[in-house]
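What follows is the residue order along each chain.
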Amino acid sequence: MERCKEILKAGLEALSLTLTDAQIEQLLAFIKLLAKWNKAYNLTAIRKLEDMVSLHLLDSLAIVPYIHGQRVIDIGTGAGLPGIPLAICLPDLHFSLLDSNAKKTRFVQQAILELKLNNVRVFHSRVEDYQPELGFDTVTTRAFASLPVIIDLTRHLLAENAIVLAMKGQNFDEELAQIATQQSTLIPIAVPGVEAERYLVRIQST
């Protein structure tokens with residue numbers, strides 16, 4: 001894990017993020033747990049811990065500066081990405097992690113317990129069926145759906161002046177064209193150790 005810690009610390013420095021030693025240990029414990037469960041549950045295609053640092057932890061943490069408000073929901077969280085790394089990094093915010101796959105929400109629940117994350121709750125539900133008592137300030141999604149579908153499915157989750165942060169890779173020009181009427185901003189994201197293009201689409205609720 002020493003090599004993973006080196007990659008993580010260098011990546012955090014590149015992202016201008018200052019974390020405590022305890023937070024760094026939590027992040028490393030998370031990928032260790034993910035690798036352990038992955039053998040039986042097939043939660044991620046990435047097998048090497050060193051790759052998980054860049055492609056899961058740093059990729060998730062690259063959007064920290066764009067998180068808005070106190071209440072965040074991660075839609076289609078899968079193995080807890082980006083929700084769990086963000087919750088570790090931002091302990092004063094409240095995170096809800098939502099996924100319709102029971103196998104994945106079981107893992108996320110276990111991760112929350114083992115990492116002692118008091119600011120996270122997990123929900124096993126389809127996004128359209130989930131009806132929260134309070135709206136959220138930020139909705140995050142990573143490899144979840146096309147932009148028009150994301151906007152349509154998350155409308156009922158938004159508080160006043162909320163934002164949607166959709167993490168995207170390449171070739172989504174057509175999706176952007178389909179949401180041209182929305183108040184959206186395309187933000188290039190540099191993830192340390194990841195050469196592939198990454199973008200964040202920030203959509204302001206209207």
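To be clear, the structure that these remarks concern was listed above.
Below or above, wherever it landed, is the structure these notes cover. (Residues numbered from 1 in each chain as written. Predicted model: local features only at pLDDT ≥ 70, side-chain atom pairs only at ≥ 80, totals over all residues. Heavy atoms only, no water.)

## Quick word on the overall build of the protein
Selection criterion: By definition, any uninterrupted DSSP run of H or I lasting at least four residues is a helix, any uninterrupted run of E lasting at least two residues is a strand, and each is numbered from the N terminus. Just to be clear, the radius of gyration here is over C-alpha atoms, and the globule rule we use is 2.2 Å times residues to the power 0.38. Throughout this description, buried means an accessible area under 20% of the type-specific maximum (1.4 Å probe, protein chains only), exposed means over 50%, and partly exposed covers the range between. Contact criterion: two residues are considered in contact whenever any of their non-hydrogen atoms come within 4.5 Å of each other.
Scanning the protein from N- to C-terminus turns up 7 helices and 7 strands. Ordered by position in the sequence, the α and β elements of the protein form the string α-α-α-β-α-β-α-β-β-α-β-α-β-β. For the protein, the C-alpha radius of gyration of 16 Å lies close to 17 Å, the compact-globule estimate for 206 residues. Projected onto its principal axes, the C-alpha positions of the protein cover 50 × 35 × 30 Å. Each of the 206 residues in the protein was classed as buried or not, and the buried ones make up 52%. Relative to all contacts within the protein whose residues are 6 or more apart in sequence, the contacts with residues 24 or more apart total 67%.

## Re the nonpolar core
Condition: The definition of a nonpolar core used throughout is a set of buried Ala, Val, Leu, Ile, Met, Phe, Trp, Tyr and Cys residues joined through side-chain atoms within 4.5 Å.
With 55 residues, the main nonpolar core has Leu8, Phe30, Ile84, Phe95 and Phe107 as its most contacted residues. In terms of residues, this core owes the most to one element, helix α2 (residues 21-41), which gives 9 residues. Counting residues in each nonpolar core, the second largest holds 18 residues, with Ile73, Val139, Val201 and Ile203 among its members.

## Here's the deal with the packing of α2 against helix α3 (residues 49-61)
What counts is decided by this rule: Here an axis means a line fitted to C-alpha atoms, over the contact stretch when the element is a helix, while the angle between two N-to-C directions is reported on a 0 to 180 degree scale. Roughly parallel means an angle under 35 degrees; roughly antiparallel means over 145; roughly perpendicular covers 65 to 115; every other angle is labelled oblique. A clockwise turn of the near helix away from the far one marks a right-handed crossing, whereas an anticlockwise turn of less than a right angle marks a left-handed crossing. Each residue receives one of three labels: charged for Asp, Glu, Lys and Arg, nonpolar for Ala, Val, Leu, Ile, Met, Phe, Trp, Tyr, Cys and Pro, and polar for the others, Gly being one of them.
Two elements in contact, α2 and α3, have axes separated by 10 Å at closest approach and are oriented at 125°. Taken together, the axes of α2 and α3 lie oblique to each other. Read as a crossing pair, α2 and α3 show a hand that is right-handed. Only Leu49, Met52, Val53, His56, Leu57 and Leu61 of α3 make contact with α2, whose side of the interface consists of Leu27, Phe30, Ile31, Lys32, Leu34 and Ala35. The class makeup of the residues in the contact of α2 with α3 is 10 nonpolar, 1 polar and 1 charged.

## Some details on the environment of Gln183
You can see Gln183 is positioned in strand β6 (residues 183-189). Between the C-alpha atoms of Gln183 and Thr206, which are 23 residues apart in sequence, the distance is 7.8 Å. Discounting chain neighbours no more than four positions away, the residues touching Gln183 are Arg202, Ile203 and Gln204.

## Quick word on the pattern of salt bridges
Here is the rule we go by: Salt-bridge detection follows one rule: a side-chain nitrogen of Lys or Arg within 4 Å of a carboxyl oxygen of Asp or Glu.
Under the criterion given, the structure shown has 7 salt bridges. One salt bridge in this structure joins Glu6 and Arg3, with 3.2 Å as the shortest N-O distance. One end of the pair is Glu6 and the other is Arg3, both in helix α1 (residues 2-14) and 3 residues apart, which spans about a single turn. One salt bridge connects Arg198 with Asp59, and the closest N-O pair in it is separated by 2.7 Å. Of this pair, Arg198 sits in strand β7 (residues 198-204) while Asp59 sits in helix α3, and the two are 139 residues apart along the sequence.

## A word on α3
Among all positions of α3, only Met52, Val53, Ser54, His56, Leu57, Leu58, Asp59, Ser60 and Leu61 are buried. In the core, the buried residues of α3 are packed alongside α1, α2, α4 (83-89), β4 (136-142), β5 (158-168) and β7.

## Regarding the packing of aromatic side chains
Going by this rule: For this analysis, a ring pair means two rings from Phe, Tyr or Trp (six-membered ring only for Trp) whose centres lie within 6.5 Å, classed as stacked if their planes differ by under 30 degrees, edge-to-face if by over 60, and tilted for the remaining angles.
A full pass over the atoms with the stated rule returns 5 aromatic pairs. Where Phe30 meets Phe107, the ring centres are 6.1 Å apart and the plane angle is 35°; that geometry is what we call tilted. Pair noted here: Phe30 is in helix α2 and Phe107 is in helix α5 (residues 102-114), with a separation of 77 residues, a long-range link. Among the residues examined, Phe30 registers a relative accessible area of 0% and is labelled buried. Grouping aromatic residues by their ring pairs yields a cluster made of Phe30, Trp37, Tyr41 and Phe107.

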